[in-house]
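# Coordinate inspection notes
For reference, the chains in residue letters:
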Amino acid sequence: MEQYAIKGGNPLVGDVEIAGAKNAALPIFAAATMTDETVYIDNIPDVRDIDMMLDAMANIGVTVKRTGRHSVMINGGNIHNLTVDDEGSKKIRGSYYLLGAFLGKYKHAEVVLPGGCDIGCRAIDQHLKGFRALGAEMVIEHGLIKARAEHLKGSHIYLDKPSVGATINVMIAAALADGMTTIENSAKEPHVVDVANFLNSCGANIRGAGTDVIRIRGVAKLHGTEYTIIPDQIEAGTFMFAAAVTKGDVTVKNVIPKHLESVTAKLLEIGCEVKEEDDSVRVVAAKPLVHCQVRTLPYPGFPTDMQPQITVALALAKGTSIVTESIFENRFKYVDELTRMGAEIKVEGDTAIIDGVARYTGASITAPDLRAGAALVTAALAAEGFTIVENVKYIERGYEDFHIKLKNLGAQIELVNTDKEFQKFKLKMGQTA
Ligand code: EPU
C-alpha cells in the first residue's frame, strides 16, 4: 500500500501552481450531461475522485474523452441507463449530482447513496426536500436514491442549512424545470458560483449565485459550451498553511485571492506575512506563530476543509488556541495521529483546545481522510526526523501530484510501498535510524 516517507525539517520555499477545483468539477461534469451537445471542460484536476466520476458517467453511456491531462470532452446525447450504482459512485460524494442532472433532463434518476470522506453524518434531507418541492417523488430503496417526476415545476425552497451539495443539486435540476425556482439560505461557496456560471454558459438562466438567494428561471434546453474550472481554494489554502507550518516562503499561483480571504486573515493573525497579487498569494512565515481562535463556517467563513491544516499550525503556535468545528461533527479524528507527533490537543465535542508545543517529532501515522491527511503531511514536513504516512490514497483523491509539488518546494518526501523502500529512503536522506 502506498505511503509517504517524509524527513521533516526543510522549510518549504518557492512557487506552486494550483490545480482546478475538484468540488466544482464534479457537479459541472454532472451538469454537462444535461445537454445532448458536446461540452469541453478545462482546468480539471488530475485526481482520483475525478476519474471515478468520469468512469461512472462513461458506464451509463455518457461519451467522455480526455483531451489532455486537465481537459475533457463530455457528450450526454447517448445516455442509456439512468441508474448510477457502480462501485466508484458509492465512494465519492459528487456522484449524487447526477440525480439533479438526470431529474432535470429526464425527470427520472436512480443514484446510489454517495460516500465521500468519513467526517461525520452526511445527511441528504435538504436535497430530497428541494427535489420534492420541484415536484419529484423521492424514495430511498435498496441503497439507491430514486427520483421521478411527471413534470418539474419551479418552486420556492428554504434550505434549513446552507448545504453546498443541496444548493448545487437543486440548482442543476431547476435549470430545466418549468418556471422560476428560488433557493433561499443557499450556500455561497465559489464552486456554487462556478456551477451557476457553467450552466449559464450552456444557456441556463441563474441569478444570485454567491449570495444567499439564488433565482433560477428554467429553460427548455441547454446547449454545448467550453468552460474553465476555477482554481481549488482548498488546495491553495493547504499550501499556504504548509508554508506557515514549515516556516517557509511559498507563493501559490493560479488562484483567485478573493476566495482565500478567510485563510489569509488567519495567517496574518497567527504572525505570517501574506502578499496578494492578481492571481497569486505569497505566504512568508519568518516569525514564530501565535495562537488564535477559529470557528469553521460556511463561505465566506473559515472553511471546514481547512480546519485540520490550521490546527496543525496552531499546535506549533505560542499559547492556547481554540478551534471549533461547526459543519461536520467528526472532523477531529486526525488529532490522535498528531498527538503521536507530540501535539498537545484536547478535543471536547466540537472543540479542540490546543496548547502549542515547540516542535513535532516524526512518527508512523495514518491519514484518516482527504484534508486531514494533507494536514498531517504538513506536520511531518515540520517534524524532527522521519514520518511514514499511511493511507495516502485518501490524499490522492483530491490533491494533484501532492508529494511532487511539495518536493519541488524543497520537501524531503517520497512515495514508498514497502518497509524496504522506506529504509532506502532513510539511507538516501543520510540517516539509518
Ligand atoms: N447537511 C444536511 N442535510 C443535507 C445536506 C447537508 O444536514 O441535505 C449538513 C451536513 O451534514 C453538514 C452540512 O450540512 O453538516 C454541510 O454539508 P454540505 O452539504 O455543505 O457538504 P457536502 O456538499 O456534503 C461539500 C464538499 C466537502 C466540504 C463541504 C463543506 C464536495 C464533493 N464535498 O460537501 O468537501 O467539506 O461541502 O464545504 O463538494 C472535501 O473536499 O474534502 C470535502 C469533504
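Our next topic: the domain arrangement of the protein. How big an interface is tends to be reported as the loss of accessible area on association of its parts. What the domain assignment lists for the protein is domain 1 (3–19 + 231–432) and domain 2 (22–228). Between the C-alpha centres of domain 1 and domain 2 there is a distance of 31 Å. Contacts between domain 1 and domain 2 engage 25 residues on the former and 25 residues on the latter. Across the domain 1/domain 2 interface, buried area totals approximately 2100 Å², and carbon plus sulfur atoms make up 50% of it. When residues of domain 1 are sorted by the area they lose upon contact with domain 2, Tyr-299, Arg-397 and Glu-400 head the list and together hold 35% of the total.

Let's shift gears to the packing of aromatic side chains. Inspection of every chain in the model, using the stated rule, returns nine aromatic pairs. Centre to centre, the rings of Phe-332 and Tyr-334 are 6.4 Å apart; their planes meet at 45 degrees, and the pair counts as tilted. There is no split in this pair, since Phe-332 and Tyr-334 are both buried. Where Phe-386 meets Phe-422, the ring centres are 6.5 Å apart and the plane angle is 80 degrees; that geometry is what we call edge-to-face. Pair noted here: Phe-386 is in strand S23 (residues 386–390) and Phe-422 is in helix H15 (residues 419–428), with a separation of 36 residues, a long-range link. Of the residues examined, Phe-422 reaches a relative accessible area of 9% and is grouped as buried. Stacked on the ring of Tyr-394, the Lys or Arg Lys-393 has its end atom at 5.0 Å from the ring centre.

Attention shifts here to the pairing of strand S15 (residues 249–253). Every other side chain in a regular strand lies on the same face of the sheet, so the side chains alternate between the two faces. Counting buried positions along S15 yields four of five residues, so the element is predominantly enclosed. Across five bridges, strand S2 (residues 13–17) lies against S15 in parallel orientation. By the bridge assignment, Val-13 is partnered in S15 with Asp-249. Sheet topology note: the S15/strand S17 (residues 280–284) ladder contains five bridges and is antiparallel.

Enumeration over the complete set of coordinates arrives at one cavity of 30 Å³ or more. Size it by volume and the largest cavity reaches roughly 30 Å³. Along the walls of the largest cavity sit Ala-19, Gly-20, Lys-22, Pro-45, Val-47, Asp-232, Glu-235, Gly-398, Tyr-399 and Glu-400, which together make up its complete lining. Taken together, the residues of the lining of the largest cavity sort by class into four nonpolar, two polar and four charged. Two domains each donate at least three residues to the lining of the largest cavity, and these are domain 1 (3–19 + 231–432) and domain 2 (22–228).

Not every one of the 23 residues close to the ligand is listed here, only the nearest: Asp-125, Gln-126, Ser-163, Asp-305 and Ile-327. Residue Ala-123 places a main-chain N or O atom 3.3 Å away from an oxygen atom belonging to the ligand. With respect to the ligand, the side chain of Asp-125 contributes an N or O atom lying 2.7 Å from a nitrogen atom. Only helix H1 (22–32), helix H5 (125–133), helix H6 (164–174) and helix H12 (370–382) provide two or more residues apiece to the shell around the ligand. No other element matches the three residues that H5 contributes to the shell around the ligand. For the shell around the ligand, a count of residues per class yields nine nonpolar, six polar and eight charged. When residues are assigned to domains, the shell around the ligand turns out to be shared by domain 1 (3–19 + 231–432) and domain 2 (22–228), each giving three or more.

Where strand S10 (residues 156–158) meets strand S11 (residues 180–184), three bridges bridge the pair, whose relative direction is parallel. Within S11, the position partnered with Tyr-158 by the bridge is Glu-184. Traced from S10 through H6 to S11, the parallel crossover comes out right-handed.

Glancing now at the layout of surface pockets. A volume near 240 Å³ is recorded for the second largest pocket. Lining the second largest pocket are 19 residues; nearest its centre among them are Val-245, Lys-247, Leu-316, Ala-358 and Ala-382. Mapped by element, the contributors of at least two residues to the lining of the second largest pocket are helix H8 (233–245) and H12. The class makeup of the residues in the lining of the second largest pocket is 11 nonpolar, four polar and four charged.

This next bit is on H12. With 13 residues, H12 ought to run about 18 Å at 1.5 Å a step, and its terminal C-alpha atoms sit 19 Å apart, in line with that. With 12 of 13 residues buried, H12 is to be regarded as a mostly interior element. Buried residues of H12: Leu-370, Arg-371, Ala-372, Gly-373, Ala-374, Ala-375, Leu-376, Val-377, Thr-378, Ala-379, Ala-380 and Leu-381, and no others.

For the rest of this paragraph, the subject is unusual backbone geometry. Following Tyr-299, the chain continues to Pro-300 via a peptide bond in cis, the omega torsion being 10 degrees. Here Pro-300 shows up in the loop between strand S18 (293–295) and helix H10 (307–314). Its identity as a non-glycine residue notwithstanding, Asn-391 has a phi of 65 degrees, on the positive side. Along the chain, the position of Asn-391 falls in the loop between S23 and helix H13 (392–396). Overall, the relative accessible area of 15% leaves Asn-391 in the buried class.

Criteria and cut-off values
- Residues numbered from 1 in each chain as written.
- Predicted model: local features only at pLDDT ≥ 70, side-chain atom pairs only at ≥ 80, totals over all residues.
- Heavy atoms only, no water.
- Domains from an automatic or database assignment.
- Contact = heavy atoms within 4.5 Å.
- Buried area = accessible area lost by both parts, 1.4 Å probe.
- Phe/Tyr/Trp six-rings, centres within 6.5 Å; stacked < 30°, edge-to-face > 60°.
- Buried < 20%, exposed > 50% of the residue type's maximum accessible area, 1.4 Å probe, protein only.
- Helix = DSSP H or I, 4+ residues; strand = E, 2+ residues; numbered from the N terminus.
- Lys NZ or Arg CZ within 6 Å of the ring centre and 35° of its normal.
- Pairing = 2+ DSSP bridges.
- 1 Å grid on protein atoms, 1.4 Å probe; cavity = no way out; pocket = protein on both sides within 12 Å on 5 of 7 lines; lining within 4 Å.
- Points joined across faces, edges and corners; volume = space filled by probe spheres on them.
- Nonpolar A, V, L, I, M, F, W, Y, C, P; charged D, E, K, R; others polar.
- Near = heavy atom within 4 Å.
- Polar contact = N/O pair within 3.5 Å; in protein donor to acceptor, adjacent residues only side chain to side chain.
- Right-handed = clockwise from strand over helix to strand, strands pointing away.
- Expected span 1.5 Å × (residues − 1).

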